[in-house]
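Observations on the three-dimensional arrangement
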Amino acid sequence: MAELPWTDSATIEECEKIVDKLQRAAGGANTEELQSARFQLAWALAHSKIPADVDLAIKTLEDPRASSDFPRNREYYYTLAVAQYRSHQYINCRASATKALELAPSCHQSAVLRDAALEAIARDGMIGLGVIGGIGVAVLGGIMASMSRKR
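First things first, this report covers the structure right here in the doc.

1. Description of the packing of aromatic side chains
Inspection of the entire model under this criterion finds two aromatic pairs. When the centroid spacing of 5.3 Å and the interplanar angle of 65° are considered together, the rings of Tyr 85 and Tyr 90 count as edge-to-face. Note on Tyr 85: relative accessible area 18%, which makes it buried. For the cation-ring pair, Arg 72 lies above Tyr 76, with the distance from its terminal atom to the ring centre recorded as 4.3 Å. If you follow Arg 86 out to its NZ or CZ, it ends over the ring of Trp 6, 3.7 Å from the centre.

2. Remarks on the pattern of salt bridges
Taken as a whole, this structure holds four salt bridges when the rule is applied. With its nearest N and O atoms 3.2 Å apart, the salt bridge here joins Arg 114 to Asp 115. Given a relative accessible area of 26%, Arg 114 falls into the partly exposed group. Judged by its relative accessible area of 35%, Asp 115 is partly exposed.

3. Side note on a negative patch on the surface
Taken together, Asp 8, Glu 13, Glu 14 and Glu 16 make up a surface patch of like negative charges. Here Glu 14 is to be found in helix 1 (residues 9-26). The exposure class of Glu 14 is partly exposed, given its relative accessible area of 42%.

Thresholds, definitions, all that
Residues numbered from 1 in each chain as written. Predicted model: local features only at pLDDT ≥ 70, side-chain atom pairs only at ≥ 80, totals over all residues. Heavy atoms only, no water. Phe/Tyr/Trp six-rings, centres within 6.5 Å; stacked < 30°, edge-to-face > 60°. Buried < 20%, exposed > 50% of the residue type's maximum accessible area, 1.4 Å probe, protein only. Lys NZ or Arg CZ within 6 Å of the ring centre and 35° of its normal. Salt bridge = Lys/Arg side-chain N within 4 Å of Asp/Glu carboxyl O. Patch = residues over 30% accessible without salt bridge, like charges linked within 9 Å, V, L, I, M, F, W, Y side chains within 5 Å. Areas by Shrake-Rupley, 256 points an atom, 1.4 Å probe, with all protein chains shown as cover. Lys, Arg positive; Asp, Glu negative; His and termini not counted. Charge placed at Lys NZ, Arg CZ, Asp CG, Glu CD. Helix = DSSP H or I, 4+ residues; strand = E, 2+ residues; numbered from the N terminus.

Here's what the structure looks like:
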């Protein structure tokens with residue numbers, strides 16, 4: 001998969017400052033500018049190298065109280081898919097990327113991310129089958145060994 005962009009701590013801190021400033025200025029009102037700033041913060045968190053930031057992005061985007069903050073558009077679903085991919089939530093990532101593609105079929109980024117999630121799901125499935133197969137062989141070996149001792 002092509003590399004996803006990363007954000008650094010300074011970018012996230014700047015986004016947090018902007019959200020804080022706009023929240024104070026809005027006096028509790030949920031303005032369009034504040035909603036946009038919150039989404040930019042979620043985007044920055046989703047593209048962080050720090051797992052806790054990525055988890056916070058998912059929580060922020062999926063928070064039902066914030067549903068009016070983020071229009072459910074291609075950018076929303078793509079950003080959520082990025083965070084889910086980085087958190088190894090590949091099945092959720094595939095669903096979010098697919099939703100982004102339903103809204104914008106020509107979105108190459110969403111298609112690449114969906115395909116990467118499908119590859120990761122398949123890879124994890126193969127690893128899981130290998131682990132299960134290894135356990136099966138070990139159990140079978142143990143049974144065979146205990147049977148040979150009884151004779």
